Amino acid sequence: MKMSNCAIVGINWGDEGKGRMVDLLTNDYDLVVRYQGGGNAGHTVINKFGKFALHLLPSGIFRPGVVNILGNGVALDPENLWSEMQMVMAQGVALTPENLKISDRASLLMPWHRDLDALEEARLADKKFGSTRQGIAPFYSDKYQKKTVLAGELFYPEKLRAHLQALMEWKNLTLTEVYHAEPYTMEKLEAWLHDACEMIKPYICDTGKVLRQAREDGKSILFEAQLGALRDLDYGIHPYTTSSNPVAAYAPIGAGDPAAKIDEVIGVVKAYSTCVGEGPFTCEWFGPDADQLREVGDEYGAKTGRPRRVGPIDLVATRYGVQTQAATALALTKLDVLSYMKEIPVCARYILNGEETDDFPFPAALDEAKPVLKTLPGWQCDITGVRTWEALPQQAKDYINYIEAAVGCRIKYVSVGPERDSIIIR
Ligand code: GDP
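Residues numbered from 1 in each chain as written. Predicted model: local features only at pLDDT ≥ 70, side-chain atom pairs only at ≥ 80, totals over all residues. Heavy atoms only, no water.

A. Expanded view of the pairing of strand E11 (residues 264-270). Across the 7 residues that make up E11, a large majority, 7, are buried. With burial as the criterion, each face of E11 is covered, one bearing Glu 264, Ile 266, Val 268 and Lys 270 and the other bearing Val 265, Gly 267 and Val 269. When strand E1 (residues 6-10) meets E11, the two strands line up parallel, connected through 5 bridges. Within the sheet, the bridge partner assigned to Gly 10 lies in E11 and is Val 268. Note that E11 and strand E15 (residues 329-333) share 5 bridges and pair parallel. Across the sheet, Ile 266 pairs through a bridge with Ala 329, a residue of E15. (Buried < 20%, exposed > 50% of the residue type's maximum accessible area, 1.4 Å probe, protein only. Helix = DSSP H or I, 4+ residues; strand = E, 2+ residues; numbered from the N terminus. Pairing = 2+ DSSP bridges.)

Structure representation (structure tokens):
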């Protein structure tokens, strides 16, 4: 039994490969907890059960004996969660109230949150932020206005109906008068309760109690983040952020045990940069170079299928991400993707206002920043079968050491393929 807690977090824009790292490390932990975000991103996990794009379920769900928790900080979408649960169960994975627990304090993402997301993106037209239309921003706005229903309210049917009626009347004002959309009816909400909420009800419990007990018993907890530091509501590239806090410091709060201590923060960094959606992306490549990297890296969104924007690794943004996450170790993923390059460019610094800088700029200034590129020699051979540091080509070791020195954090894991065992542990 390992008595330490660990958070696995994204250092950049998300899609760094957090899912594969959680899947790899869950063996060492007793519980895996999702503490923020919703079904708007996807963690890809490949293991003996098959290939999965998980949106809400914690990535520990495939390991027997691991308790998986959806904390109070997540955007709990009963419809999407239930479809995801059915998909996973259909592939032979057992989901029971013993291995999957949903916080009774998690707020429910309502069907109108998804409608509002789509209606607002349509209104914004070409000024849109690149929402995945899963209702996440309207959900968190309502949560902070206290205009949501807690999962645990499903156990109080009479109060729940009155609460839903009041929320619906309020929400219909926005739907009909602002967006000229169809209003909701209680019949529609009854169907939602019956088809989705009832299905997840057996899994809802006081997960705070479960976590406190686990802490007292000396059990170890793995906190699983969605998206990365640059998408954090408070620390990311405003307003191109998500509506919650992927930073590790939020994990105990969003998980359900604010007293929990995190001993280790593993920051996941991709060996090059990718970004889904709108907003400044200083290192962006265009044209054939971008197309080639996108193809080789298979950079299409796990949730939306959208082509990701790509570019060389951004050491300025990565250092900021490392600091914001307080990472104690890094996992560098998709190093194998760079094997085709003769020379590998890296963004070493930015130029801003005519001066070179190592500091990540304030969001409003970021548009003006230009990358200062440096190139390192490529290795140009297949490294997908490499399992030890010693067996890596010298150029790959140099590339890793260069990143490590530039961002100020030890790279403990190097991932050379999507499969569970395609990993080098230093
Ligand atoms: P997450 O949201 O941070 O978990 O990241 P995604 O799952 O969206 O994106 C990571 C993608 O890269 C997935 O398709 C993974 O299967 C894949 N992947 C992860 N690590 C590696 C690696 O080292 N090499 C390669 N080739 N693919 C990887």
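B. Seen up close, the site of the ligand. Around the ligand, 17 residues are found, and the nearest of them are Lys 18, Gly 19, Thr 44, Asp 336 and Ser 415. Here Lys 334 contributes a backbone N or O atom positioned 2.9 Å from an oxygen atom of the ligand. Taking Ser 415, its side chain carries an N or O atom lying 2.4 Å from an oxygen atom of the ligand. Protein chains shield 91% of the accessible area of the ligand, which is 590 Å² for the free molecule. The cavity that encloses the ligand is the second largest pocket. Elements supplying a minimum of two residues to the shell around the ligand: helix H1 (18-25) and strand E3 (43-47). (Near = heavy atom within 4 Å. Polar contact = N/O pair within 3.5 Å; in protein donor to acceptor, adjacent residues only side chain to side chain. Areas by Shrake-Rupley, 256 points an atom, 1.4 Å probe, with all protein chains shown as cover. 1 Å grid on protein atoms, 1.4 Å probe; cavity = no way out; pocket = protein on both sides within 12 Å on 5 of 7 lines; lining within 4 Å. Sits in = over half its atoms within 2 Å of the grid points.)

C. View of helix H4 (residues 136-144). Within H4, burial applies to Ile 136, Pro 138, Phe 139, Tyr 140, Asp 142 and Lys 143. Remark: Lys 146 follows H4 within two positions and exhibits a positive phi of approximately 65 degrees.

D. Seen up close, the domain arrangement of the protein chain. With domains assigned, the protein chain is organised as domain 1 (6-106 + 204-266), domain 2 (107-200) and domain 3 (268-425). For domain 1 and domain 3, the distance between their C-alpha centroids amounts to 24 Å. Our count for the domain 1 to domain 3 interface comes out at 3 salt bridges. The closest approach of N and O atoms between Lys 412 and Glu 264, which form a salt bridge, is 3.6 Å. Our count for the domain 1 to domain 3 interface comes out at 17 residue pairs in polar contact (both at pLDDT 80 or more). (Domains from an automatic or database assignment. Salt bridge = Lys/Arg side-chain N within 4 Å of Asp/Glu carboxyl O.)

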